[in-house]
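# Summary of structural features
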Amino acid sequence: MKAKSFEIPQKVVRDAWKHVKENQGAAGVDKESIADFEKNLRNNLYKIWNRMSSGSYFPPPVKAVAIPKKSGGERMLGVPSVSDRVAQTVGKLYFEPIVEPHFHEDSYGYRPHKSALDAVEVTRKRCWKHDWVLEFDIKGLFDNIDFELLMKTVRWHTKNRWLLLYIARWLKAPFQKDDGTLIERTKGTPQGGVVSPVLANLFLHYVFDLWMKRNYPALPFCRYADDGIVHCRTESEARMLKKALEERFNACKLELHPEKTRVVYCKNSNRRKDYPVVTFDFLGFTFRPRFVRNRQGTYFVGFVPGVSAQAGKEMRQQSRRWNLQLRSDLSLEEVSKRFSPIIRGWINYYARFYRSALYPTLRHLNELLVRWAMRKFKRLRYHLTKAVLWLGGIARRQPELFPHWQFGARPTAG
């Protein structure tokens, strides 16, 4: 048997497949789903291993999917084929352990053993100690990372020839639109690619994290992918840092979002300066002055996070898309089984800080359940109050039926 150019154990390819299957995801340009791929699993995995080991693996085009941005317009999401996701996962399984130990402790996005809630928690505590915040957002990070600058950082960390070869090929794989048109890519790393997050983190490690550590060691920061918070001691310090960051990102061929990069005053009971911006959003939470109670039961104004209005709106929109009022074929237990995992996920995330901010969204869920009951049961049709009382009775007897009932948001009349 002819020796392979690169040593890649077949077991790593099998492990990569397990990761891909667990994460699921849509089909790519070849329209092959996870289930389709699995029908001929052994042969498909062998092909990937054989081609990667021989140096002849070329990633297919990435399916271009336009998704709406919260701020308006569209963002291009890249969906690799299932086979390419397996190949990219092989690359990630080798590359991530090499670079992960070098990353800054205050980089939280797309990293093992770190979460968005960890980032919110550390930001919350630092807002207690620092009066000012510089909130920044990198405009189109995944679309604009410079290929050569990125590959320079990759080459600094590994001399592995097949990793260097395939990372370069993944970066340059074209987008393919629905009509088959190919879009050549000269910069960026597709948002949706398996290796893209670790590559983006590596790039920003040098562009921002290490730069901050070297030039502003006294200013703590928290970065989650392309969103970041830097805590400052004075307004003038925050404004000077803003200017310095703009120059730094421009020098690295990136741009700060002009509307999402702002100086914020962390106003509370002890900070009474008049300033026009006293709120910022970070990872689905709005940080702003709110009434809070200390351990002695005394109320004061603190600068704390609570679920953002935008996140609440998105949860309500998603729950309306369930079309519960049209599912009179389901029992209440079946409704619970279908939607409770989603509700539990919302509560586990957004109730971590300032729980009461989540109640309007949870009460909206009860309104949907009331409408469902009015549609399902003739005796409740056209009787809103009666439907609320009926559902409230069940909530008292079976609070475990829905996560938000256990949380305390139960149906009440009036």
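Residues numbered from 1 in each chain as written. Predicted model: local features only at pLDDT ≥ 70, side-chain atom pairs only at ≥ 80, totals over all residues. Heavy atoms only, no water.

### Notes on helix α8 (residues 161–172)
Just so we agree on the cut-off: Strands here mean DSSP runs of E at least two residues long; helices mean DSSP runs of H or I at least four residues long; both are numbered from the N terminus. What a helix should span is 1.5 Å times the count of its residues minus one. Residue burial is assigned from relative accessible area. The probe radius is 1.4 Å, only protein chains are included, and a residue is buried under 20% of its type maximum, exposed over 50%, and partly exposed in between. Here a residue-residue contact requires only that any non-hydrogen atoms of the pair lie within 4.5 Å.
The end-to-end C-alpha distance of α8, which contains twelve residues, comes to 17 Å, matching closely the 16 Å that a straight helix rising 1.5 Å per residue would cover. Within α8 the residues assigned to the buried category are Trp162, Leu163, Leu164, Tyr166, Ile167, Arg169, Trp170 and Leu171. Against the buried residues of α8 lie α3 (41–54), α4 (82–99), α7 (147–157) and α9 (196–215).

### Re the side chain of Glu96
For clarity, the cut-off: Counting rule applied: Lys, Arg positive; Asp, Glu negative; His and chain ends not counted. Here, a salt bridge means any Lys or Arg side-chain nitrogen found within 4 Å of an Asp or Glu carboxyl oxygen.
Along the chain, Glu96 turns up in helix α4. Of the side chains with opposite charge, Lys92 comes closest to the buried, unpaired Glu96, at an N-O distance of 4.2 Å. Those residues in contact with Glu96 that lie beyond four places of it in its chain are Pro101, Tyr110, Pro112 and Val198.

### Some remarks on the sheet that holds strand β1 (residues 62–68)
For clarity, the threshold we go by: Strand pairing requires that DSSP identify at least two bridges connecting the strands.
Read across the open sheet, the four strands follow the order β2-β1-β4-β5; overall the sheet is mixed. Every interior strand has two partners, whereas the edge strands, β2 (74–79) and β5 (182–183), have only one. Across six bridges, β1 lies against β2 in antiparallel orientation. Bridge pairing links Ala64 to Gly78 in β2.

### A few points about the sheet that holds strand β8 (residues 262–265)
Paired through backbone hydrogen bonds, the strands of a sheet run either parallel or antiparallel to each other. Let me state the cut-off plainly: Under this scheme, a helix contributes an axis fitted over its contacting stretch, all axes are lines through C-alpha atoms, and angles between N-to-C directions fall in the 0 to 180 degree range.
If you trace the four strands from one edge of the open sheet to the other, you get β6-β7-β3-β8, paired in antiparallel fashion. The open sheet has two free edges, formed respectively by β6 (221–224) and β8, since each of these has just one partner strand. When strand polarity is set aside, the average angle formed by the axes of neighbouring strands in this sheet is 20°. Relative to strand β7 (residues 227–232), β6 is paired through four bridges, and the arrangement is antiparallel. Bridge pairing in β7 links Phe221 to Val230. Running at roughly 160° to β6, helix α5 (residues 116–129) makes contact with β3 (132–137), β6 and β7 of the sheet. On top of the sheet, helix α10 (residues 235–251) reaches β3, β7 and β8; it is set at about 20° to β3, its chief contact.

### Comments concerning unusual backbone geometry
With a phi angle near 60°, Tyr110 is a residue other than glycine that sits in the positive phi range. Assignment of secondary structure puts Tyr110 in the loop between α4 and α5. By relative accessible area, which is 38% here, Tyr110 ends up partly exposed. At His113, a position not held by glycine, the phi torsion is positive, near 70°.

### A short note on a positive patch on the surface
For clarity, the cut-off: Patch criteria: residues need more than 30% relative accessible area and no salt bridge. Like-charged residues are merged within 9 Å; nonpolar side chains of Val, Leu, Ile, Met, Phe, Trp and Tyr are merged within 5 Å. Accessible surface is estimated by sampling points in the Shrake-Rupley manner with a 1.4 Å probe; for residues, cover comes only from the protein chains shown. Charged side chains are reduced to one point each, which is NZ for Lys, CZ for Arg, CG for Asp and CD for Glu.
Where like charges cluster on the molecular surface, the positive patch consists of Lys69, Arg75, Lys139 and Lys260. Within the element layout of this structure, Lys260 appears in the loop between α10 and β8. On the accessibility criterion, Lys260 (32% relative accessible area) is partly exposed.

### Focus on the nonpolar core
For soluble globular proteins, nonpolar side chains are generally found buried alongside one another. Definition in use: In plain words, nonpolar cores are sets of buried Ala, Val, Leu, Ile, Met, Phe, Trp, Tyr and Cys residues tied together by side-chain atoms within 4.5 Å.
Counting residues in hydrophobic clusters, the biggest one holds 122 residues, and the most contacted among them are Met52, Val230 and Phe249. By residue number, the principal contributor to this core is α9, which donates ten residues.

### So, the side chain of Asn201
Structurally, the position occupied by Asn201 is in helix α9. Judged by its relative accessible area of 2%, Asn201 is buried. Excluding its chain neighbours within four sequence positions, the residues that come into contact with Asn201 are Phe103, Ser107, Gly109, Tyr110, Arg111 and Arg223.

### Observations regarding α3
Convention followed: Our arc is simply the arc of the directions from the helix axis toward the C-beta atoms.
Between its first and last C-alpha atoms α3 spans 20 Å; for 14 residues at 1.5 Å apiece the expected length is 20 Å, and the two agree. Listing the buried residues of α3 in full gives Asn44, Leu45, Ile48, Trp49, Met52 and Ser53. Mapping the buried residues of α3 onto a view down its axis gives an arc of 155°, with all of them on the same face. In this structure, the buried side of α3 is in contact with α1 (10–23), α2 (34–39), α4 and α8. Residue Gly55 follows α3 closely and has a positive phi angle near 85°.

### Some remarks on the pairing of β6
Alternating positions in β6 separate into two faces, Phe221 and Arg223 on one and Cys222 and Tyr224 on the other, with burial throughout. Counting the residues in the hairpin turn of β6 and β7 gives two residues, including Ala225, whose phi is positive at 55°.

### Brief notes about the pattern of salt bridges
As a working rule, side chains carrying opposite charge can pair if their charged atoms are close by. With the rule as written, the count across this model stands at 18 salt bridges. The closest approach of N and O atoms between Glu135 and Arg262, which form a salt bridge, is 3.1 Å. Of the two residues, Glu135 sits in strand β3 while Arg262 sits in strand β8, which places them 127 residues apart along the sequence. Taking the relative accessible area as the measure of exposure, Glu135 reaches 10% and is therefore buried. Connected through shared salt-bridge partners, Glu121, Arg124 and Lys125 make up one network.

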